Amino acid sequence: MSFVKQIDYLPKELLTATPQSLHSLFPEPTLFHLTGKHEEPLFVSVLLHGNEPTGFLALQKLLIKIQDTELPRSLSFFLGNTQAANQSLRRLDDQPDYNRIWPGTEYIETKESRMTKEIVETMQQRNIFASIDIHNNTGLNPHYACINKLDNQFLQLASLFGRLVVYFTRPKGVQSGAFAEICPAVTLECGKPGHQHGVDHAFEYLNSCLHISQLLDQPVPPHDIDVYHTVAQVTVNQDINFSFEDEDADADLLLDKELERMNFTEIPAGTQLANVFDMTALPITAKDETGKIVTDNFFSIIDNTLQINKTTMPSMLTLDEKVIKQDCLCYLMERLEL
Ligand SMILES: [Zn+2]
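Caption draft 1: Structural view of the pattern of salt bridges. On inspection of all chains with the given rule, the structure shows 17 salt bridges. The shortest N-O distance in the salt bridge between E121 and K117 comes to 3.4 Å. Of this pair, E121 and K117 both sit in helix α4 (residues 111–125), four residues apart, which is roughly one turn of that helix. Exposure remark for E121: the relative accessible area of 37% places this residue in the partly exposed category. Accessibility expressed as a relative area gives 46% for K117, which makes it partly exposed. Linked through salt bridges whose partners overlap, the residues forming this network are R90, D97, R100 and D327.

Caption draft 2: Looking closely at the coordination of the zinc ion. Around the zinc ion, the protein contributes the donor atoms H49 (ND1), E52 (OE), E52 (OE) and H135 (ND1), at 2.0 to 2.6 Å from the metal centre. Taken together, the four donor atoms coordinating the zinc ion and their angles of 55 to 142° define a geometry best described as irregular. Along the chain, the residues donating to the zinc ion fall in the pattern H-x2-E-x82-H. Of this pair, H49 sits in the loop between β3 (36–46) and α2 (54–66) while H135 is found in strand β5 (residues 130–135), placing the two residues 86 residues apart along the sequence. Grouping residues by exposure puts H49 and H135 together as buried.

Caption draft 3: Molecular detail of the environment of Q196. Summarising the element assignment, Q196 is placed in helix α7 (residues 196–211). Q196 sits 139 residues away from L57 along the chain, and the two C-alpha atoms are 9.2 Å apart.

Caption draft 4: Representation of the sheet that holds strand β15 (residues 305–308) within the structure. Pairing is mixed in the open sheet, where five strands are placed in the order β10-β11-β12-β15-β14. A single partner strand is all that each edge strand has here, and the edge strands are β10 (242–243) and β14 (299–302). Note that β14 and β15 share four bridges and pair antiparallel. Across the sheet, the residue bridging to F299 is I308, located in β15.

Caption draft 5: Here's a closer look at unusual backbone geometry. The omega torsion of the bond from R170 to P171 falls at 0°, within 30 degrees of zero and hence cis. If you trace the backbone, P171 turns up in the loop between β7 (164–167) and α6 (175–179). In the Ramachandran plot, S88 falls in the positive-phi region, its phi being about 50° despite a non-glycine side chain. Relative to the helices and strands, S88 resides in the loop between α3 (82–86) and α4. Its relative accessible area of 39% is what places S88 among the partly exposed residues.

Caption draft 6: Region of interest: α4. Its 15 residues place the ends of α4 21 Å apart at the C-alpha level, agreeing with the 21 Å of an ideal helix rising 1.5 Å per residue. What α4 keeps buried is the set E112, S113, M115, T116, E118, I119, V120, T122 and M123. Following α4 by one or two positions, N127 has its phi on the positive side, about 55°.

Caption draft 7: Quick peek at helix α5 (residues 152–159). Along α5, the residues classified as buried are F154, L155, Q156, L157 and A158. For α5, the secondary structure elements touched by its buried residues are β5, β6 (144–147), β7, β8 (185–189), α7 and β9 (226–236). Of the residues flanking the start of α5, the one acting as N-cap is D151, its side-chain oxygen 2.8 Å from the backbone nitrogen of Q153.

Caption draft 8: Region of the structure containing the nonpolar core. In this structure, L14, L63, L75, F77, L79, I119 and F179 are the most contacted members of the largest nonpolar core, which totals 69 residues. The biggest single contributor to this core is α7, with seven residues. Not counting residues within four places of it along the chain, the set of residues in contact with F77 comprises L10, L14, T30, L31, F32, L34, F43, V44, L59 and L63. The next biggest cluster of nonpolar side chains, apart from the first, holds 29 residues, and it includes A274, M279, V294 and L306.

Caption draft 9: A look at the packing of aromatic side chains. All told, the structure shown has seven aromatic pairs when counted by the stated rule. Geometrically, the ring pair formed by Y144 and F264 is tilted, given 4.7 Å between the ring centres and 50° between the ring planes. Here Y144, found in strand β6, pairs with F264, found in the loop between β11 (253–255) and β12 (272–276); they are 120 residues apart in sequence, far enough to count as distant. Neither residue differs from the other here; Y144 and F264 are each classed as buried.

Caption draft 10: Inspection of the state of the cysteines at higher detail. What the rule picks out here adds up to zero disulfides. Free cysteine C190: the closest other cysteine sulfur is in C146, separated by 10 Å. For C190, a relative accessible area of 1% corresponds to the buried category.

Basis of the calculations
Residues numbered from 1 in each chain as written. Predicted model: local features only at pLDDT ≥ 70, side-chain atom pairs only at ≥ 80, totals over all residues. Heavy atoms only, no water. Salt bridge = Lys/Arg side-chain N within 4 Å of Asp/Glu carboxyl O. Helix = DSSP H or I, 4+ residues; strand = E, 2+ residues; numbered from the N terminus. Buried < 20%, exposed > 50% of the residue type's maximum accessible area, 1.4 Å probe, protein only. Donors = N, O, S within 2.8 Å, 3.2 Å for Na, K, Ca; no water. Tetrahedral: all angles 85-135°; square planar, octahedral: opposite > 155°, others 65-115°. Pairing = 2+ DSSP bridges. Expected span 1.5 Å × (residues − 1). Contact = heavy atoms within 4.5 Å. Polar contact = N/O pair within 3.5 Å; in protein donor to acceptor, adjacent residues only side chain to side chain. Core = buried A, V, L, I, M, F, W, Y, C linked by side-chain atoms within 4.5 Å. Phe/Tyr/Trp six-rings, centres within 6.5 Å; stacked < 30°, edge-to-face > 60°. Disulfide = S-S within 2.5 Å.

In short, geometric facts, not functional conclusions.
Have a look at this one:
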């Protein structure tokens, strides 16, 4: 029995579809295989999050360019949550997060996790060359690539996208974490949705990856790459009312509206992130990659403000309250010397 629909040709309708209209052609997640000169396929997944259209638009631009030509390398691609894309949502309420259900996930088995297992097995049987999963984020962030294994080929693949690389091992169940077990794998973060620059950057990257014959097993020169390691994920505690608006009288935690400007900037100890009211316990929780609570290592309350107490670099800080509730407030990172 098969859990994922597979198609081995390029449907022309794909070249003109929009992220919103895609579901009428492919109502379920679908895996495509196109054959090229090098047999080992490049694998690309897009729309694991339905409100992150850049990956699909970049892939579509690539498909338009390569239609009717001989591919330098086989290309397999996965169109993820087309139903959520129709509504420009990360996921629908009754769906799991499509980037937490891949092999290695800590969630219970579902039809979606059986599907992702089958995709990984299918790509392994086809001798996958490399895997690329493409996302947007909600905050003001530069473009960067994420890897889940510190390995020369992974670093080579990541540095083709840019000099900024983030290494993480949590959350579990992400696409790039699953593929890291069988081939070089990256997640691309292409900034906010809706910017042509993000689509063009991801397209150029995909086009390059399709044309390289091998990934070198050599270190990337240190001056070409900055690698950061995620050391904590920060969430706002469930019982806390937070807001970005001064007028919000109910708020226990009044977050600074300029927060997202701190993304990928080293912020010194003593930096204030929020005002707090009638509070002695910290309103947020920081967990390290093993799930251990490390909030006190990074945060203090001083004079009714929430402060950072050691130099750190945040990423993914966002002003989107729904994302803060569903996912997290931010990640904290430290530079890795390779
Ligand atoms: Zn995403």
